[in-house]
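Here's the letter readout for the chains.
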Amino acid sequence: MISLAFAACTPPPPPPMEDASPQRDGCVGAACREAGSTPDAAADGAVDMDGAVDGGEDAGDGGGASAPDASDGSSGDVAVVVGRCTGVMASPLVLGSEPRQQARRAFVSQSAAGFFVGYPMQVAGGDTVQFQRISTAGASLGMTNVVAALPVARTSGGAFAVTPSGFSSVFSSNYEFGLDIYMQRLDAMGATMGPVVRIVSDGELSEDPQVVRTSAGEVVLWRSTNDMLGGQRLLSSLVNGAAAGAAVSVGPAMTQASSFDVVTDGTRIAVALVARNELGQGNVFLQILDANGALQRSVPLTTGAFVTEAVSVALLGTDAVVSWTARNADGTFRLRRVNLETGVAGPAAVIEGFGFDVSQASIAPDRDGLVAAMRTTTPMGARVAVARIGPALTLREGLSAIAASGPGDQVRIVGRGDGTFGVAWADETSAPMNTTVKFQLVRCP
């Protein structure tokens, strides 16, 4: 049986009370109802949930029990401290706002210079793609309108890759009649550099692009919908200089591409993908590509599933770890580890014990394990939260709420390798009606 107990991060909590008190803002798990708690003195957006987990974790779908995570000393008989991550800033940094509810995706990365966030936004009645530079302390260092050179009516995207000369940002636009894919390079200060590169121009609707930098150049991936044929393909193209290579299909055969995420080690590309079959089932795949963006191997990770939400992928050594959420009785957060050399997938791991459903999650490397950012519910409302996962894909530290949130698309996270993380997301709220892109700097001990 799993139980959780929590306390505020600052100031230090008083001794536990004998009688029960109302649940804390952001309290997660049965311990909120079973044990006393004190009012949360921390500001919203910097809530640290502290407690303990009894018992081991379920290792997943038919995979048997996971081996204990030796790095954190957890086992069926040892309590695991949870919820020690905190939001560094008293409230998230607001990067952009528009007066409507619109599904927006924010993409985040980092380098020695700091954090970077790309996202679409409505500005002065027109759609644009913005690129924000943020210091390692969480201060805004300036914003670039990536599509200023294109007077367009419809633009989306904002995903980008860090390159030796700066950044490459990708977006979809109807600048030349159809909905096509473009790439704009930026210098190290975030200023546009060189002409816009048109990646694809065809009769299909091309959207949701992402980009990675490999040893061969920039590889752009996107979803392309052919309305006449009813197909939804996952395509890739290698870009060298101003020339984009021919688009090639890299999705599983006889499926319709849905949400995807991409990461690279420089020589291989790992693409986590939700693809629907003819029965309407949404199954998770890992597509392994070479440095040019050509498909090497397709690894199915679920069978007969109905996954509908975002997937995420991160690298741990020569392995890729894929995560997704499923609103089932046996757990809401699932992961599988795949060896990029052989394509062999380990057993599915089901992370339980969060206390509430989690959704729209993403993962990033965290020292020898992973950190996950996600949306979750609490008695006091929706929250963006993070959790830490050990290398054996067991729960190392449970949810720490870092900010209040509304509904929205995927929460994105990136780590710096020193226990600090950048988290970016977009909230949709109805009162007042707006969509706001936010960034929070998170520290985990």
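Residues numbered from 1 in each chain as written. Predicted model: local features only at pLDDT ≥ 70, side-chain atom pairs only at ≥ 80, totals over all residues. Heavy atoms only, no water.

### Observations regarding the overall build of the chain
Logical step 1: Of regular secondary structure, the chain possesses 1 helix and 32 strands.
Logical step 2: For the chain, the proportion of its 445 residues judged to be buried stands at 57%.
Logical step 3: Sequence-distant contacts, at least 24 apart, represent 50% of the contacts inside the chain between residues at least 6 apart.
Logical step 4: Of the roughly 17,000 Å² of accessible surface on the chain, 55% is carried by carbon and sulfur atoms. (Helix = DSSP H or I, 4+ residues; strand = E, 2+ residues; numbered from the N terminus. Buried < 20%, exposed > 50% of the residue type's maximum accessible area, 1.4 Å probe, protein only. Contact = heavy atoms within 4.5 Å. Areas by Shrake-Rupley, 256 points an atom, 1.4 Å probe, with all protein chains shown as cover.)

### Observations regarding the pairing of strand β15 (residues 231-240)
Logical step 1: A large share of β15 lies buried, amounting to 8 of its 10 residues.
Logical step 2: Taken together, the 9 bridges between strand β14 (residues 217-226) and β15 define a ladder with antiparallel strand orientation. Of the residues in β15, the one forming a bridge with W222 is L235.
Logical step 3: Direction of pairing for β15 relative to strand β17 (residues 248-249): antiparallel, over a ladder of 2 bridges. Each residue of the ladder has a partner; that of L235, found in β17, is S249.
Logical step 4: Judged from the 2 bridges that link them, β15 and strand β16 (residues 243-244) form a sheet pairing that is antiparallel. Residue pairing for β16: V239 is matched across the bridge by A244.
Logical step 5: Taking the residues that link successive antiparallel strands as the turn, the β15-β16 hairpin has 2 residues, and the phi of G241 there is positive, at about 65°. (Pairing = 2+ DSSP bridges.)

### Notes on unusual backbone geometry
A negative phi holds for most residues other than glycine; trans holds for most peptide bonds.
Logical step 1: Put simply, A431 and P432 share a cis peptide bond, and its omega is -5°.
Logical step 2: The residue M254 is not glycine, and still its phi comes out positive at about 65°.
Logical step 3: Examined against the element boundaries, M254 turns out to sit in the loop between β17 and β18 (256-264).
Logical step 4: The exposure class assigned to M254 is exposed, which follows from its relative accessible area of 73%.

### Brief notes about the pairing of strand β10 (residues 166-173)
Logical step 1: Burial analysis of β10 places 8 of its 8 residues in the buried class, which makes it a mostly covered element.
Logical step 2: In this sheet, β10 lies alongside strand β9 (residues 155-163) in antiparallel orientation, the contact comprising 7 bridges. When the sheet's bridge partners are listed, G157 is paired in β10 with F171.
Logical step 3: The hairpin formed by β9 and β10 contains 2 residues between the paired strands.
Logical step 4: For β10 and strand β11 (residues 180-187), the ladder comprises 8 bridges, and the chain directions are antiparallel. Counterpart to V170 in the pairing with β11 is M183.
Logical step 5: Here β10 folds back onto β11 in antiparallel fashion, the turn holding 6 residues, of which F177 has a positive phi close to 75°.

### Topic: the packing of aromatic side chains
Logical step 1: Taken as a whole and assessed by the stated rule, the structure comprises 8 aromatic pairs.
Logical step 2: Where F115 meets F439, the ring centres are 5.4 Å apart and the plane angle is 50°; that geometry is what we call tilted. Of this pair, F115 sits in strand β6 (residues 114-123) while F439 sits in strand β32 (residues 433-443), placing them 324 residues apart in sequence. Each member of the pair, F115 as well as F439, carries the same accessibility label: buried.
Logical step 3: Measuring from ring centre to ring centre gives 4.8 Å for F131 and F167, while their planes differ by 55°; the resulting arrangement is tilted. Here F167 lies in strand β10 and F131 lies in strand β7 (residues 126-134), a separation of 36 residues in the sequence.
Logical step 4: The exposure class assigned to F167 is buried, which follows from its relative accessible area of 3%.
Logical step 5: The side chain of R416 reaches across the aromatic face of F115, ending 5.5 Å from its centre. (Phe/Tyr/Trp six-rings, centres within 6.5 Å; stacked < 30°, edge-to-face > 60°. Lys NZ or Arg CZ within 6 Å of the ring centre and 35° of its normal.)

Read these as layout, nothing more, since geometry by itself doesn't imply function.
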